[in-house]
Amino acid sequence: MDVRAQYAPLLEELKDRIAEVLDSGRFILGPEVKAFEEESARFLGAAHAVGVANGTDAIVIVLDALGVGPGDEVICPSFTFYATAESIARRGARPVFADIDPATLNLDAADVSAKVTERTKAILPVHLFGRPLDVAVLPEGVPVVEDAAQSFGASMGDRRAGTLGAAATFSFYPTKNLFGLGDGGLVTTSDVDLADRIRLLRFHGSQDKQTFEAVGYNSRLDELQAAALRVFLPHVEEWNEARRTAAGRYAELGLGQVCELPADEPGHVYHLYVVRTAERERLTAALDQAGIGWATHYTVPLHLQPALAALGYAPGSLPETERAARETLALPLWPGISRGEQERVVECLRAASAEKAA
Ligand SMILES: *Cc1c(COP(=O)(O)O)cnc(C)c1O
């Protein structure tokens, strides 16, 4: 991906808006953050949006606001970025890993149900790689916090990811579908009390900087990031559409003859274009030789990470997660990718696959 190419057409507007923030002399929790919170809430169809410093803090703070702490369990996937489970552990709670559905790479609802106990305080699904998970299939009676870091603009029916559970978290790290020029994060919720609690916690547990009502965090979205995010937000829909078009083009070009393509879904926003293959090494060697970029995400799933070894998960305990960790491969896809670039990827992989057949 090339993030510079993505914002190049907006560079002048971006510079103007940054200059305005410099002129204002106001950098923390000012009018830009307030306006971005309102605009992103409107875009998502969420009642409340609260800007925070990054997507990891967003999860930690929501869990805190929901009262998750030591002795509690939170169910999440193991096939995701580390921050998902780290945030649970950061609260002193126990991440309980459920396996994934191989067709979607998202949480397997039946395995989630099997892992609910009286200690389960929340379920933390991830809309992985931009594919929305239908939160309605998860067991009832436990609050769902969506980790929507990879899915700004994704939708399930007529609702956006970020409005499907009790609360949701977003990251604006510079590779995400909506991104800032540094770190940034957002929490959305329809619950006004929860939103107020999150606003309190992001600023040291204080409303007025005089009285401190809770042990909180210093976790704020800043004015410069909010100004940049306000420039990008009106374009996220067209960027996501371009990602969807590019994903469709890979299918059209016959990539499905070489590897298993991600099942299409109208609300999928392809944060990453992730295929499956039992021959990952052969294909990545061919891509390397052709100078084509690729990536593998989560080659060591979270239940097998050293930092979480004390949780006691053995290899083989989450078979679909471990298989996905071995077989998935992210291929080049960003809003500005050209047909020619995609043709080169497909030709390269087709040749590598034919070589083996011969
Ligand atoms: C990026 C990401 C995060 C963390 O976001 P940061 O802003 O980098 O803290 C959390 N969960 C998932 C699934 C992510 O992809």
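Just so you know, these numbers come straight off a predicted model, no measurement behind them. (Residues numbered from 1 in each chain as written. Predicted model: local features only at pLDDT ≥ 70, side-chain atom pairs only at ≥ 80, totals over all residues. Heavy atoms only, no water.)

Student: Please explain the overall build of the chain as it appears in this structure.
Tutor: For the chain, the count of helices and strands is 12 helices and 11 strands. Each of the three principal axes of the chain carries a C-alpha extent, and together these read 75 × 55 × 35 Å. Intrachain contacts of the chain at a sequence separation of at least 6 include 64% that bridge at least 24 residues. Averaging the locations of the 34 positively and 50 negatively charged side chains of the chain gives two centres separated by 2 Å. (Helix = DSSP H or I, 4+ residues; strand = E, 2+ residues; numbered from the N terminus. Contact = heavy atoms within 4.5 Å. Lys, Arg positive; Asp, Glu negative; His and termini not counted. Charge placed at Lys NZ, Arg CZ, Asp CG, Glu CD.)

Student: What exactly am I supposed to notice about the pattern of salt bridges here?
Tutor: Pairing between side chains becomes possible if they bear opposite charge and their charged atoms approach one another. A full pass over the atoms with the stated rule returns 18 salt bridges. Close ionic contact of Glu237 with Arg160 constitutes a salt bridge, the shortest N to O distance being 3.1 Å. Here Arg160 lies in strand β7 (residues 159-160) and Glu237 lies in helix α9 (residues 236-252), a separation of 77 residues in the sequence. For Arg160, a relative accessible area of 17% gives the class buried. As a salt-bridge pair, Arg339 and Glu343 come within 3.9 Å of each other at their nearest N and O atoms. Residue Arg339 and its partner Glu343 are located together in helix α12 (residues 339-357), separated by 4 residues, close to a single helical turn. (Salt bridge = Lys/Arg side-chain N within 4 Å of Asp/Glu carboxyl O. Buried < 20%, exposed > 50% of the residue type's maximum accessible area, 1.4 Å probe, protein only.)

Student: I'm lost on the domain arrangement of the chain in this one. Help?
Tutor: In terms of domains, the chain is made up of domain 1 (3-235) and domain 2 (236-357). Between domain 1 and domain 2, the contact holds 44 residues from the first and 35 residues from the second. Both sides of the domain 1 and domain 2 interface together cover about 3400 Å² of buried area, and 59% of this is carbon and sulfur. A salt bridge links Glu265 to Arg131; the shortest N-O distance between them is 2.9 Å. The interface formed by domain 1 and domain 2 holds 25 residue pairs in polar contact (both at pLDDT 80 or more) in total. (Domains from an automatic or database assignment. Buried area = accessible area lost by both parts, 1.4 Å probe. Polar contact = N/O pair within 3.5 Å; in protein donor to acceptor, adjacent residues only side chain to side chain.)

Student: Help me out: how do you make sense of the site of the ligand in this one?
Tutor: Taken together, 13 residues lie near the ligand, and Gly55, Thr56, Asp147, Ser171 and Lys176 sit nearest. Contact distances for the ligand include 2.7 Å between an oxygen atom and a backbone N or O atom of Gly55. At 2.8 Å, a side-chain N or O of Gln150 approaches an oxygen atom of the ligand. Burial of the ligand by the protein amounts to 92% of the accessible area it has alone, namely 390 Å². Residue assignment for the shell around the ligand shows that the elements contributing at least two residues are α4 (55-65) and α5 (83-90). Split by residue class, the shell around the ligand holds 4 nonpolar, 7 polar and 2 charged. (Near = heavy atom within 4 Å. Areas by Shrake-Rupley, 256 points an atom, 1.4 Å probe, with all protein chains shown as cover. Nonpolar A, V, L, I, M, F, W, Y, C, P; charged D, E, K, R; others polar.)

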